[in-house]
Amino acid sequence: MAAAGDAAKEYVAGAAAGVAQVVVGHPFDTVKVKLQAHNTTAHGKVYKNGFHCTSRILVEEGIRGLYKGASSSFIGIAVESSLFFGTYSQAKQLLQGNYENGRPHLQVIIPSAACSGALISCILTPTELTKCRMQVQGKDVMHGARYSSPLDCAVKTLESEGLRGIFRGGLATLFREAIGNAVFFCTYEYSRYWMHNYLDSPRFSSSSNFVLAKDIGIGVMSGGISGMAFWTATLPLDVAKTIIQTDPDPHLSRNPFRVLSMVYKRAGMGGCYAGLGPTLVRAFPANAAAIVAWEYSAKILGIKRG
């Protein structure tokens, strides 16, 4: 019973991390999606850069424009983060075995993170599809149905494209999550371990105020750096996913590597990394908030970690 209780706590802490991530990161994500959808077409760039895109959204749609699709993100990412962090923690405990506790091991981290990332891709695909289709709407939209809400988007997608349509971009999401989350957790576990080793040495104060500041600081830095590592490694796959999910052409290939090849021919390497600026700007604060929320929720719930 105790083990089941600890597992449930891990999932609750993961949900808290997801909510924090959406609050901080959704406006940046909206800008990223608009750049990916509109700056990779054969007609050329719609936006000069992330700042131009943000200003256009604010002028034409107001602050609400930056939070389009946020309701589906809150639901999707809360559930996704709960499963992701919870599954990762449980898989890590199972694989830890005789390995030294506290010290990170690649042979434990990589399969735990990749498996949990692959699992959540099943949830992320439909929620991100509705989010992306909501986000690309605006005065600059050239085609497609207009959606009044994420639910309206999901219903219309099911009516017009069937169940297969709601899972458009699933293969790209699977690759992005499996690869990206292995990179994320390797970066997080090792950076956290090294920072704790350094700051836990006798040269630093052991006062309660310092311990609190140290834990928050390590959470912010390890989470922020890990988020940037995730997106640097996987942004081309995310570009392919966005195009697959938002392009109105029903005959467009759903193979992310074919789509990336098409983007490269149209817009070069810059097109494959469309939205990199706002993505990295978002990645640090959003993932820092998620990791701090995850670690402190775990501490409040009494979960012990190395």
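An unreviewed UniProt entry lists the chain under the name Mitochondrial arginine transporter BAC1, with Urochloa decumbens given as the organism. Of the comments in the UniProt record for the chain, the one headed Subcellular location (unreviewed entry) reads "Mitochondrion inner membrane". Of the chain, the UniProt comment under Sequence similarities (unreviewed entry) reads exactly: "Belongs to the mitochondrial carrier (TC 2.A.29) family."

Engineer: Describe the overall build of the chain, naming the residues involved and giving the relevant values.
Structural biologist: Helices and strands together make up the secondary structure of the chain, namely 10 helices and 0 strands. In the chain, the order of α-helices and β-strands from amino to carboxyl end is α-α-α-α-α-α-α-α-α-α. Looking at the 306 residues of the chain, the share that counts as buried comes to 49%. Partitioning the intrachain contacts of the chain with sequence separation of at least 6 by distance along the chain shows that 78% fall at a separation of at least 24.

Engineer: Could you give an account of the packing of helix 5 (residues 106-135) against helix 6 (residues 150-166), with specific residues and numbers?
Structural biologist: Running from amino to carboxyl end, helix 5 crosses helix 6 at an angle of 120°, the nearest separation of the two axes being 10 Å. Between helix 5 and helix 6, the interaxial angle falls into the category oblique. Our pair here, helix 5 against helix 6, has a crossing hand that is right-handed. Listed contacts from helix 6 to Thr125, Pro126, Leu129, Thr130, Arg133 and Met134 of helix 5 are Pro150, Cys153, Ala154, Thr157, Glu161, Gly165 and Ile166. The residue inventory of the contact of helix 5 with helix 6, partitioned by class, reads 7 nonpolar, 4 polar and 2 charged.

Engineer: Which residues make up the packing of aromatic side chains, and what are the values?
Structural biologist: In this description, a pair of aromatic rings is defined by centroid distance and the angle of the planes. Enumeration according to the criterion identifies 12 aromatic pairs in this entry. With centroids separated by 5.1 Å and ring planes inclined at 45°, the aromatic side chains of phenylalanine 84 and phenylalanine 185 adopt a geometry described as tilted. Here phenylalanine 185 lies in helix 7 (residues 170-199) and phenylalanine 84 lies in helix 4 (residues 70-96), a separation of 101 residues in the sequence. For the pair formed by phenylalanine 84 and phenylalanine 185, the shared burial category is buried. Ring centres of tyrosine 88 and phenylalanine 185 lie 3.7 Å apart, and the angle between their planes is 10°; this geometry places the pair in the stacked category. Of this pair, tyrosine 88 sits in helix 4 while phenylalanine 185 sits in helix 7; the two residues are 97 residues apart in sequence, bridging distant segments of the chain. Here tyrosine 88 falls in the buried class, since its relative accessible area comes to 1%. Judged by relative accessible area, which is 0%, phenylalanine 185 ranks as buried.

Engineer: Please give an account of the packing of helix 7 against helix 10 (residues 276-300) that cites residues and values.
Structural biologist: Axis separation between helix 7 and helix 10 bottoms out at 13 Å; the angle between their running directions is 65°. Read as a crossing pair, helix 7 and helix 10 show a hand that is right-handed. Between helix 7 and helix 10, the contacting residues are Phe184, Phe185, Tyr188 and Arg192 on the first element and Asn287, Ile291, Trp294 and Glu295 on the second. Looking at side-chain class alone, the contact of helix 7 with helix 10 contains 5 nonpolar, 1 polar and 2 charged residues.

Engineer: An account of the environment of threonine 187 is requested, with residue identities and associated values reported.
Structural biologist: Tracing the backbone through its elements, the reader meets threonine 187 in helix 7. Given a relative accessible area of 22%, threonine 187 falls into the partly exposed group. Sequence spacing of threonine 187 and alanine 229 is 42 residues, and the spatial spacing of their C-alpha atoms is 7.4 Å. Residues within four places of threonine 187 in sequence aside, it is in contact with Ile225, Ser226 and Ala229.

Engineer: Run through the environment of glycine 97, naming residues and quoting values.
Structural biologist: Note on placement: glycine 97 falls in the loop between helix 4 and helix 5. Remark: the alpha-carbon pair of glycine 97 and valine 108, spanning 11 residues in sequence, is separated by 9.2 Å.

Engineer: Before we move on, could you go through the side chain of glutamate 177 and cite the residues and values that matter?
Structural biologist: Relative to the helices and strands, glutamate 177 resides in helix 7. When sequence neighbours within four positions are dropped, the list of residues in contact with glutamate 177 reads Gly117, Ile120, Ser121, Leu124 and Phe230.

Rules behind the numbers
Residues numbered from 1 in each chain as written. Predicted model: local features only at pLDDT ≥ 70, side-chain atom pairs only at ≥ 80, totals over all residues. Heavy atoms only, no water. UniProt positions renumbered as here; feature names shortened; annotations may be inferred. Helix = DSSP H or I, 4+ residues; strand = E, 2+ residues; numbered from the N terminus. Buried < 20%, exposed > 50% of the residue type's maximum accessible area, 1.4 Å probe, protein only. Contact = heavy atoms within 4.5 Å. Axes fitted to C-alpha atoms, helices over the stretch in contact; angles between N-to-C directions. Parallel < 35°, antiparallel > 145°, perpendicular 65-115°, else oblique. Left-handed = near helix turned anticlockwise from the far one by under 90°. Nonpolar A, V, L, I, M, F, W, Y, C, P; charged D, E, K, R; others polar. Phe/Tyr/Trp six-rings, centres within 6.5 Å; stacked < 30°, edge-to-face > 60°.

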